[in-house]
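One letter stands for each residue in the lines below.
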Amino acid sequence: MHKKICMLGGFAVGKTSLVRRFVTNLFSEEYHTSIGVTVEKKILSVAGENVTLMLWDLYGDDEFQRIRESYLRGSSGYILVVDGTRKETLATALGLQRTVEGLLGSIPFALIVNKSDVRDVWEIDDAALSALRQQGWTIFFGSAKTGEAVESLFSTLAHRLLNQAM
Amino acid sequence: MVEPSSKNMPNLTTDMSEDLSELRNLLLAPEQTQLDRLQERLDDPVLRTHEVSRLLPGALTLQKDDPVLTAVLTPHVEQAFFTSLRRSPQAIVDAIAPIMGPAIRQAIRQALQSLTQSLNQTIEHSFSLKGFRWRIEAWTTGRPFAETVLLHTLRYRVEQAFLIHRDTGLLLQHVATETAIVRDQEMVSGMLTAIRNFVHDSFGGQRERDLSSFQVGEFTVWIQQGTNAILAVVIRGTAPETFHDVLQDTLDRIHLTQADALVSFNGDASSFASTQPNLEACLQSQYEAPAQKPSPVLVAIGLLLLLGLLLWGWGSYRDGQRWDTLVDRLKSEPGLVLTTAQDHGGRYDLAGLRDPLATDPTSLIAASGLQADRIHSTWSPYYAMDPQFILSRARALLQPPDTVTLILEGEILVASGTAQEDWAHEARRMAPFVPGVLRYEDKKVQTVSMAHLIESIEHVTIQFASNSSAIDPVEAGKIPALISVLRDLDNLAARSHQQVTVECRGSVDAAGSELTNRILRKTRAQAVCSALGESGVGSATTLTTESASIRRPENQATTRSVGFAVTVHPSGSAKAGHP
């Protein structure tokens, strides 16, 4: 089973770092600045079944929040990445979520607040996140630096994708 | 009414029971019969087996999608299959042979074709200069020689084919040649889709403006677009444009056979395994055809034609040279005036004037080496005014005796020497008619008569030493002059139809015996006759020693010499005796 997942988030929130933490890369990061995306692959075992996640790591752009719609097309799910130390990245993520939902409809997604290793300097408070949780959002606190919650982020989403498929 | 007695009670009970039984029989008999039959069917295993066998196919058909039934039956079917395989393997072999045979043959054929192609290419290039260069390249790059040959003779080879889901960019199927360098095809598929999307968003806008090909070093990637799937192939070298049709046909076929699977694709690509043969058919390759070796017959014909052309060219050149030489020769030949000399492509025309005394042009043509039948020549007669021709003409016409010399002084023919009177007279008459001669002079010609010549001959004596018949060298000096005179006489006699007899008369001195002297006279006469006769004196002249000294020894001078007596008589008459 193969699934396409998009990594979305503002500029320098740590999307690529999370992906690189998760996969063995094949393509150069330069693709980000050239065509705005790199594609990575990770094989997970979910409930005894191998699931291949094709991770489309989209280049973040806070200012315009522009994303290429064509890159999103065909996605089974997506991951929103927020930098805990920059409050505005949450707003960016919320905007992106609305955009994607508008394009692809309601498909599984998860949000990860990155940089949990420096939680004392976070600007994002729990209240805002709690409100999102109440709306049914799946939210992780993780760190690309320490690897915290990275595996669980992807495997949780993979589970949801499979369950949705069944 | 009488109460029934107690002793009658059993009878009453029995009767009631019978009645009830009868009543039951009357009321439930049909059902009872059915129940009995049912009981019988349930109790009889044979009957039940028959009934189940009738129902089983229908029951299995109804439950064909039931996973439980499949799970229950699978171990039994497997067990039965293995048991059957052990018991009669031949039956299984017979059953699967028609299916496996063609597949195995196909695989072997493909492997052999690949091997043969590699071998052919390798052998063909093993011993050529190019092959030597490639061998060095193989040695320096560490690649096998056969592979180096294949790469160099390759026009194109499709090394990989990707069937990609259009929307998700997920890989549906992938095939590659054995030699292709395959990195993670799923990531390549995703990235290829990303790049295609990027190009489309950046430069396209319409579907037909999608990325259709790009080139990376020696590789070209062709992307064929379909409604729900994309076919991308990696080509080494340059494929013909017609290969696009192959790709489009393949993609169309896949869309046709996999229409539902493509529309409902949810990430499970297993159903696209069946497209593998379609993609493998796209892994085409083409190598440089070996240079067509011309047929030996054609080569031989070509060489013969070339040889013929060379020979014809050489022949033409040689004939041209010979013709020029002949024309030069004819122009320079005395007595010939060439007025026309034309070459009509191997046919020649010659025309001109020819003195009758000039060299025959036919002999010059024959000597030129050109074929005489290719030369048409016309010669008109004329008199050449060259001095040698005028002299030749004069000699031919006047026929002077050897004692006369003719020379040309300007236009004057001058004769000198001795000649008979009648010749001198005739020459004086004829000479002006010789073309080129204006005047004739014969002041230097001394005319002679027969009597004069006879006298001159008889005046000569050849002296001998005592008792010798050998002509000494001093006396021998008189012989040539005597011969010349004898010839003149002979010539005159012949012209006047007369014959001459010259008798050599030997003489001796008074010494010696008569016999000795007679012999000596005879041998001296014979010696002189022989000396004169050796060079010939003419057909009308007879030399003789006959009887001269024998009959009239007393009349001979008493000197040691030989003298001559000449007699002339008409031709055909008997020789006159000496007076």
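A. Structural context of the packing of helix 17 (residues 478-495) of chain B against helix 18 (residues 514-535) of chain B. Residues and elements named next belong to chain B. With their axes 10 Å apart at the nearest point, helix 17 and helix 18 run at an angle of 65° to one another. In this structure, the crossing between helix 17 and helix 18 has a hand that is right-handed. Note on element contacts: helix 18 touches helix 17 through A531, L532 and S535, opposite I479, L482, I483, L486 and R487. For the contact of helix 17 with helix 18, the class distribution of residues is 6 nonpolar, 1 polar and 1 charged.

B. Examining the packing of aromatic side chains more closely. A full pass over the atoms with the stated rule returns 10 aromatic pairs over all chains. Geometrically, the ring pair formed by W222(B) and F243(B) is tilted, given 6.0 Å between the ring centres and 45° between the ring planes. Of this pair, W222(B) sits in strand 4 (residues 219-225) while F243(B) sits in helix 8 (residues 243-257), and the two are 21 residues apart along the sequence. F243(B) shares its class with W222(B); the two are buried. Clustering of aromatic rings is evident, with ring pairs tying together Y78(A), F109(A) and W137(A). Its end group placed over the ring of W122(A), R119(A) keeps NZ or CZ at 4.8 Å from the ring centre. Lying across the ring of F141(A), R119(A) places its NZ or CZ 4.2 Å from the centre.

C. Geometry of the sheet that holds strand 13 (residues 462-463) of chain B. All names here are of chain B. Reading across the sheet, the 4 strands line up as 13-16-14-15 and stay open at both edges, with mixed pairing between neighbours. A strand with exactly one partner marks an edge of an open sheet, and here the two such strands are strand 13 and strand 15 (541-544). One ladder, built from 2 bridges, connects strand 13 with strand 16 (residues 561-570); its direction is antiparallel. Note on strand 16: the bridge partner recorded for Q463 is S561. Its contacts with the sheet place helix 15 (residues 450-458) against strand 14 (498-506) and strand 16, and it is angled at close to 160° to strand 16.

D. Here's a closer look at a nonpolar patch on the surface. Residues and elements named next belong to chain B. A contiguous nonpolar patch, built from I96, I99, M100, I104, I108, L112, L115, L119 and I123 and spanning about 850 Å² of accessible area, is present on the exposed surface. In this fold, L112 is placed in helix 4 (residues 89-124). A relative accessible area of 47% means that L112 is categorised as partly exposed.

Definitions and limits used
Residues numbered from 1 in each chain as written. Chains lettered and ligands numbered in written order. Predicted model: local features only at pLDDT ≥ 70, side-chain atom pairs only at ≥ 80, totals over all residues. Heavy atoms only, no water. Axes fitted to C-alpha atoms, helices over the stretch in contact; angles between N-to-C directions. Helix = DSSP H or I, 4+ residues; strand = E, 2+ residues; numbered from the N terminus. Left-handed = near helix turned anticlockwise from the far one by under 90°. Contact = heavy atoms within 4.5 Å. Nonpolar A, V, L, I, M, F, W, Y, C, P; charged D, E, K, R; others polar. Phe/Tyr/Trp six-rings, centres within 6.5 Å; stacked < 30°, edge-to-face > 60°. Buried < 20%, exposed > 50% of the residue type's maximum accessible area, 1.4 Å probe, protein only. Lys NZ or Arg CZ within 6 Å of the ring centre and 35° of its normal. Pairing = 2+ DSSP bridges. Patch = residues over 30% accessible without salt bridge, like charges linked within 9 Å, V, L, I, M, F, W, Y side chains within 5 Å. Areas by Shrake-Rupley, 256 points an atom, 1.4 Å probe, with all protein chains shown as cover. Salt bridge = Lys/Arg side-chain N within 4 Å of Asp/Glu carboxyl O.

So yeah, pure geometry; function would need other evidence.
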